[in-house]
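Examination of the molecular architecture
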Amino acid sequence: GAKWTYTGPEGQSQWPKHYPYCGGAYQSPIDIKSDLLRFDPTLRPIEVRDYNLLPNEQLTLGNNGHSVQISLPSKMHISGLPHRYTAAQLHFHWGSPSRPGGSEHLVNSKQYAAELHIVHFNSDKYPNMSMAVDKSDGLAVLGVLIEVGEFNPAFEKFLKFVNGIKYRDQRVKVPGFNMRALLPARLDEYYRYDGSLTTPPCYPSVLWTLFRNHVTISRKQFLSLATALYSSHAQDSAPVPLNGNYRKPQLADTRVVLVSFKE
Ligand SMILES: NS(=O)(=O)c1c(F)c(F)c(S(=O)(=O)CCO)c(N[C@H]2CCc3ccccc32)c1F
Ligand SMILES: [Zn+2]
């Protein structure tokens, strides 16, 4: 589609001009405030299946100009939701060295340093992401909030290759690793709400699961994410740094955020 950015003349306030859903209802991310929460005892622990990839199962790590993404094998999936959701890709949102806040979801107006999204599609009903992406029951995204703190060995499995994908449309193969290690320990504690893609075309097609507990990466790891990448092509004369790739919180309207945990 047409080019869009997070700031500037094609920035997020302009997205609805070319992508009408971006100005519509059920938009993500949101600021998850206490007064929106409702405890739901029927919310089961998230069960991730076949997330433990072996080194010989190579993954494609890429810079798509909007984020750093890893394409995921279709054996990876979530069970325990109303339908089976098959993994498609994971990507990140982060801030910049000068403004370290870069998560998309906020919790009681606290913005974290970064956020991981693992995108899945409803493979019970749709053959692939493209057919699922604009359906109200099409997608399920797992969100993990990221803080700067302890070094994270799981993140290092791909962060050590980011210098090979500095520019838009560059891709490298990386050895598979245990994707479960990217998630927090407790998969039974999470926020759940109906929302959208946080990038154009902003389809309201996402069942959001944001884990209650954050994970950490070291300052050095954060800086490699926030300083290594460009949203411009290698041959472009003016390199455009890729950071601050997060959408601002959208109106919750009448939406309730279900929580799987008390207090
Ligand atoms: N925050 S989010 O989860 O809403 C979200 C993104 F923020 C994001 F950047 C991407 S992207 O593919 O890296 C770039 C623009 O689509 C996707 N990609 C999705 C949307 C469309 C599509 C098609 C195939 C594989 C993945 C995706 C995404 F679902
Ligand atoms: Zn995302």
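Summary of the structure given here. (Residues numbered from 1 in each chain as written. Chains lettered and ligands numbered in written order. Predicted model: local features only at pLDDT ≥ 70, side-chain atom pairs only at ≥ 80, totals over all residues. Heavy atoms only, no water.)

Enumeration according to the criterion identifies one disulfide in this entry. Between C22 and C202 runs a disulfide, and the two sulfur atoms are separated by 2.1 Å. What sets the handedness of the C22 and C202 disulfide is the S-S torsion sign, and at about 85° it is right-handed. In this pair, C22 sits in the loop between α1 (15-18) and β1 (31-32) while C202 sits in the loop between β13 (190-195) and β14 (206-211), placing the two residues 180 residues apart along the sequence. The exposure classification of C22 matches that of C202, with both residues buried. (Disulfide = S-S within 2.5 Å. Helix = DSSP H or I, 4+ residues; strand = E, 2+ residues; numbered from the N terminus. Buried < 20%, exposed > 50% of the residue type's maximum accessible area, 1.4 Å probe, protein only.)

This next bit is on the nonpolar core. Ranked by internal contacts, the top residues of the largest apolar core, which has 50 residues, are W94, F155 and M179. A per-element tally of this core places strand β7 (residues 85-94) first, with five residues. Not counting the four nearest positions on each side in its chain, M179 is found in contact with Y51, L53, L59, L72, M76 and L90. Of all hydrophobic cores here, the second largest spans 24 residues; its members include Y112, Y191, Y193 and W208. (Core = buried A, V, L, I, M, F, W, Y, C linked by side-chain atoms within 4.5 Å. Contact = heavy atoms within 4.5 Å.)

For the rest of this paragraph, the subject is the layout of surface pockets. Empty space left among the atoms is revealed by rolling a probe the size of a water molecule over them. Roughly 540 Å³ of volume is contained in the largest pocket. What lines the largest pocket is a set of 26 residues, among which W4, Q89, L197, T199 and P200 lie closest to the centre. Elements with a minimum of two residues in the lining of the largest pocket: β7 and β10 (114-122). Ranked by residue count, the leading element in the lining of the largest pocket is β7, at three residues. Split into classes, the residues belonging to the lining of the largest pocket amount to twelve nonpolar, twelve polar and two charged. (1 Å grid on protein atoms, 1.4 Å probe; cavity = no way out; pocket = protein on both sides within 12 Å on 5 of 7 lines; lining within 4 Å. Points joined across faces, edges and corners; volume = space filled by probe spheres on them. Nonpolar A, V, L, I, M, F, W, Y, C, P; charged D, E, K, R; others polar.)

Read from one edge to the other, the open sheet built from three strands follows the order β1-β8-β9, with strand pairing classed as mixed. With partners counted over all chains shown, the strands left at the sheet margins are β1 and β9 (110-111), one partner each. Of the strand pairs in this sheet, β1 and strand β8 (residues 106-107) are connected by two bridges, and their pairing is parallel. Pairing of I32 across the sheet is with V107, part of β8. (Pairing = 2+ DSSP bridges.)

Let's shift gears to the coordination of the zinc ion (ligand 2). Binding of the zinc ion (ligand 2) to the protein goes through H91 (NE2), H93 (NE2) and H117 (ND1), at separations of 2.0 Å. Classification of the site at the zinc ion (ligand 2) as tetrahedral follows from its four donor atoms and the range of 98 to 116° in their angles at the metal. Residue classification places H117 among the buried residues on the basis of a relative accessible area of 1%. (Donors = N, O, S within 2.8 Å, 3.2 Å for Na, K, Ca; no water. Tetrahedral: all angles 85-135°; square planar, octahedral: opposite > 155°, others 65-115°.)

Trans peptide bonds make up the majority, and among non-glycine residues the majority have a negative phi. At the junction of S28 and P29, the peptide bond is cis and its omega measures out at 0° in the coordinates. Residue placement: P29 occurs in the loop between α1 and β1. A positive phi angle is found at C202, which is not glycine, with a value near 60°. Given the relative accessible area of 0%, C202 is considered buried. With phi around 50°, E263 is a residue other than glycine that occupies positive phi space. Among the structural elements, E263 can be located in the segment after β16 (257-259).

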